Amino acid sequence: MTTIILPAPGHERLGRTLAQHLGAPLGRVEFRRFPDGEAYVRIASPVQGAEVVIAAGLRDPDPQLPTLLFMAEAAREMGARHVGLAAPYLAYMRQDQRFRDGEAVTSRTFASLVSRTFDWLCTVDPHLHRYAALEEIYRIPTAIAHAAPDIARWVRENVRDAVVVGPDSESEQWAAEVARAAGVPCTVLEKVRHGDRDVRVAGETRDIAGRTPVLIDDIISSARTMAEAAGLVRTVGTAAPVCVGIHALFAEGAEGALREAGIARVVTCNTLEHPTNGIDVSAAFAAAMRPFLRPG
Ligand code: R5P
C-alpha cells in the first residue's frame, strides 16, 4: 500500500514538505478556472489503492472548498483506498455556538461537510474553546499535532528572561504549555471582545515586570488581540514584547496594528504560509498523521 500526497492548488509547498517528512511521492494536480470562474480539477497521478493525503492550508477557505471536494471525490473514483485531509490550520472553529437567533453554527456544518468527504482529518492546534474535542463535531477519526514543543524551543533559543503571556483565557491552553516546556513563568490576561476589530485586554501584570513578554495566541487574524495585549504589557516588561502566533491568518490591516503597538518581533508557526513564519511544526504535523497511513 502506498501513500501519495496531493497538494490543493496553491499549497504545493505544504505538499512537498509533507511528502519529504512522510517519504511519500507528491502527486500532480492540474487546476484552472473556466472564464466564468468555475474550477477545473484533474488528478494527474495514479492513486489506485493508495492512501491519499490532500494537503491544504485553509486560510480564506470559502473559495477553496469546492476544489477540495472535487479532488477528494475524483481520488475516490480513481480507486484511492482512503482520502484524508491534512489541514494544518482548521478553519471554521470559532463559531462554536449560536450567540444570536438565526446564526449558523458554522463549525458544525463545516465539520459535517468535511466528515462526509474525507476519511480522516489531521490538523495543528485547532481552536477548541467551547468544544472539548474535535470528536464533538467531526464524525471521522481526527489527529491533532501540538505546536507547543517547537514554540518552547524557539522561546528558549531566542528570548532571554522570557515571561509567556496569554492575551485571553482561551489562550491559556497554549501559553501554559509553552511556558512549562520552556521553563519560564506564565501569566494570562483577560479579553473582552466588542467586535471583529475591537477588543479590550486587561489583567494582572505583576509577573511581567523586568522580563521580556512573549505573547502567545493560537490565531493572529485582525491582530487586535495581540496589539491590545502588547499595549498593556509594554508598560511593565523590560523589553518590547515578542508575539508568537500559531496560525498566521493576518487579515487586512494586521501588520499595521502590530507595528503601531510597538511589537519588537512577530513570529508564527508554518501552518499557513506567511513572511512571519519562523517556527517549523511540519515534523510534528507529519508525525500526527502517520497512524492513518499505516498498512492495515
Ligand atoms: C480567539 O479568541 C482566538 O484565540 C484569538 O485570540 C483570536 O482569533 C485573535 O483574533 P484577532 O487577531 O482578530 O484579535
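Conventions we followed
- Residues numbered from 1 in each chain as written.
- Predicted model: local features only at pLDDT ≥ 70, side-chain atom pairs only at ≥ 80, totals over all residues.
- Heavy atoms only, no water.
- Near = heavy atom within 4 Å.
- Polar contact = N/O pair within 3.5 Å; in protein donor to acceptor, adjacent residues only side chain to side chain.
- Areas by Shrake-Rupley, 256 points an atom, 1.4 Å probe, with all protein chains shown as cover.
- 1 Å grid on protein atoms, 1.4 Å probe; cavity = no way out; pocket = protein on both sides within 12 Å on 5 of 7 lines; lining within 4 Å.
- Sits in = over half its atoms within 2 Å of the grid points.
- Helix = DSSP H or I, 4+ residues; strand = E, 2+ residues; numbered from the N terminus.
- Core = buried A, V, L, I, M, F, W, Y, C linked by side-chain atoms within 4.5 Å.
- Buried < 20%, exposed > 50% of the residue type's maximum accessible area, 1.4 Å probe, protein only.
- Contact = heavy atoms within 4.5 Å.
- Axes fitted to C-alpha atoms, helices over the stretch in contact; angles between N-to-C directions.
- Parallel < 35°, antiparallel > 145°, perpendicular 65-115°, else oblique.
- Left-handed = near helix turned anticlockwise from the far one by under 90°.
- Nonpolar A, V, L, I, M, F, W, Y, C, P; charged D, E, K, R; others polar.
- Pairing = 2+ DSSP bridges.
- Expected span 1.5 Å × (residues − 1).
- Arc of directions from axis to C-beta.
- Points joined across faces, edges and corners; volume = space filled by probe spheres on them.

Considering the site of the ligand
For step 1, the next point in the chain: Of all residues adjacent to the ligand, which total 15 residues, the nearest are Asp 217, Asp 218, Ser 222, Ala 223 and Thr 225.
For step 2, the next point in the chain: Between the ligand and the protein, one listed contact pairs an oxygen atom with a side-chain N or O atom of Lys 191 at 3.0 Å.
For step 3, the next point in the chain: Residue Ala 223 places a main-chain N or O atom 2.8 Å away from an oxygen atom belonging to the ligand.
For step 4, the next point in the chain: Contact with the protein chains covers 95% of the free accessible surface of the ligand, which is 370 Å².
For step 5, the next point in the chain: The site holding the ligand turns out to be the largest pocket.
For step 6, the next point in the chain: Among the elements that take part in the shell around the ligand, strand S12 (residues 212–220) stands out by supplying 4 residues, more than any other.

Observations concerning the nonpolar core
For step 1, the next point in the chain: Leu 18, Ile 151 and Met 289 are the most contacted members of the largest nonpolar core, which has 43 residues in total.
For step 2, the next point in the chain: Contacts of Ile 151, omitting those with residues within four sequence positions, involve Val 178, Ile 216, Val 244, Ile 246, Cys 269 and Ile 279.
For step 3, the next point in the chain: Core analysis: the second largest hydrophobic core is formed by 38 residues, Val 47, Ala 50, Ile 54 and Leu 128 among them.

With respect to the packing of helix H4 (residues 148–158) against helix H5 (residues 172–182)
For step 1, the next point in the chain: As a packed pair, H4 and H5 sit with axes 8 Å apart at the nearest point and diverge in direction by 55 degrees. On the basis of their axis angle, the class for H4 and H5 is oblique. The way H4 lies across H5 gives a crossing that is right-handed. Contact with H4, carried on its side by Ala 148, Ile 151, Ala 152, Val 155 and Arg 156, involves Glu 177, Val 178, Ala 181 and Ala 182 of H5 and no other residues of that element.
For step 2, the next point in the chain: Looking at the contact of H4 with H5 residue by residue, the class counts come to 7 nonpolar, no polar and 2 charged.

With respect to the sheet that holds strand S6 (residues 120–124)
The strands that make up a sheet pair up through hydrogen bonds in the backbone, lying either parallel or antiparallel.
For step 1, the next point in the chain: Taken together, the 5 strands give an open sheet; going across it, the order is S1-S4-S5-S6-S7, and neighbouring strands pair in parallel fashion. Looking at strand neighbours, the two that pair on one side only are strand S1 (3–7) and strand S7 (142–145), the edges of this open sheet. In this sheet, neighbouring strand axes are inclined to one another by 20 degrees on average, regardless of whether the strands run parallel or antiparallel.
For step 2, the next point in the chain: Note: S1 against strand S4 (residues 51–55), 5 bridges, orientation parallel.

Overview of helix H2 (residues 65–77)
The periodicity of an α-helix, 3.6 residues per turn, causes residues three or four places apart in sequence to face the same way.
For step 1, the next point in the chain: Helix length check: H2 (13 residues) gives 19 Å between terminal C-alpha atoms against 18 Å at 1.5 Å per residue, within 8%.
For step 2, the next point in the chain: Within H2, burial applies to Leu 65, Thr 67, Leu 68, Met 71, Ala 72 and Ala 75. Down the axis of H2, the sector holding all buried residues measures 165 degrees, keeping them to one side.
For step 3, the next point in the chain: Considering only its buried residues, H2 is in contact with S1, strand S2 (29–33), strand S3 (39–43), S4, strand S5 (82–86) and helix H3 (106–117).
For step 4, the next point in the chain: Of the residues flanking the end of H2, it is Gly 79, one or two places downstream, whose phi is positive at about 100 degrees.

A closer look at the layout of surface pockets
Empty space among the atoms becomes apparent when a probe as large as a water molecule is rolled across them.
For step 1, the next point in the chain: Estimates place the volume of the largest pocket at around 820 Å³.
For step 2, the next point in the chain: Every residue lining the largest pocket is counted, 26 residues in all, and those nearest its centre are Arg 94, Lys 191, Arg 193, Gly 195 and Asp 196.
For step 3, the next point in the chain: Looking at the lining of the largest pocket, the elements with two or more residues in it are strand S10 (190–195), S12 and helix H6 (224–234).
For step 4, the next point in the chain: At 5 residues, the largest contribution of residues to the lining of the largest pocket is made by S10.
For step 5, the next point in the chain: Partitioning the lining of the largest pocket into residue classes produces 6 nonpolar, 8 polar and 12 charged.

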